[in-house]
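# Chains, contacts and geometry: an overview
Single-letter residue listing:
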Amino acid sequence: SVPRTRILATGGASHNKKILQVLSDVFNAPVFTIDTANSACLGGAYRAIHGLVAERNVSLADVVKLAPEPRLAVTPTPGAEEV
């Protein structure tokens, strides 16, 4: 995997630790979740905010800083990348 790679899981499956563990092991990266209702729409919402403030030279990175802080759900199982 790419250094500093992390996965942000959202939606119903993000509540299933076993699914998250498989993702973490396959991609050899930590998996984070956010506790936000309708999180699948979150990206579109931040793009919309960015569109509203774009004329003021606000970057998308600055807009996304407003996002809720993700929490670590699982980390790769040691040795999983060998499998």
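Above this text is the structure in question.
Residues numbered from 1 in each chain as written. Predicted model: local features only at pLDDT ≥ 70, side-chain atom pairs only at ≥ 80, totals over all residues. Heavy atoms only, no water.

Attention now moves to the environment of Thr 77. Residue placement: Thr 77 occurs in the segment after β3 (71-74). Remark: the alpha-carbon pair of Thr 77 and Cys 41, spanning 36 residues in sequence, is separated by 30 Å. Setting aside anything within four residues of it in sequence, one finds Thr 77 in contact with Gln 21 and Asp 25. (Helix = DSSP H or I, 4+ residues; strand = E, 2+ residues; numbered from the N terminus. Contact = heavy atoms within 4.5 Å.)

Attention shifts here to the sheet that holds β3. Pairing is mixed across the open sheet formed by three strands, whose spatial order is β1-β2-β3. Looking at the sheet topology across the chains shown, the edges are occupied by β1 (7-9) and β3. Mean inter-strand twist for the sheet, computed between neighbouring axes without regard to direction, equals 45°. In the packing of helix α1 (residues 17-27) onto the sheet, contacts are made with β1, β2 (31-33) and β3, and the angle to β3 comes to roughly 90°. (Pairing = 2+ DSSP bridges. Axes fitted to C-alpha atoms, helices over the stretch in contact; angles between N-to-C directions.)

This part takes up helix α2 (residues 42-53). Taking 1.5 Å per residue, 12 residues should reach 16 Å; α2 reaches 17 Å between its end C-alpha atoms and fits that length. Within the span of α2, buried status applies to Leu 42, Tyr 46, His 50 and Val 53. Seen from one end, α2 has its buried residues packed into an arc of 80°, which puts them on one side. Relative to its buried face, α2 has exposed residues pointing more than 90 degrees away, namely Arg 47, Gly 51 and Leu 52. Close packing links the buried residues of α2 with α3 (60-64). (Expected span 1.5 Å × (residues − 1). Buried < 20%, exposed > 50% of the residue type's maximum accessible area, 1.4 Å probe, protein only. Arc of directions from axis to C-beta.)

Functional significance is not addressed by these values, which are geometric in nature.
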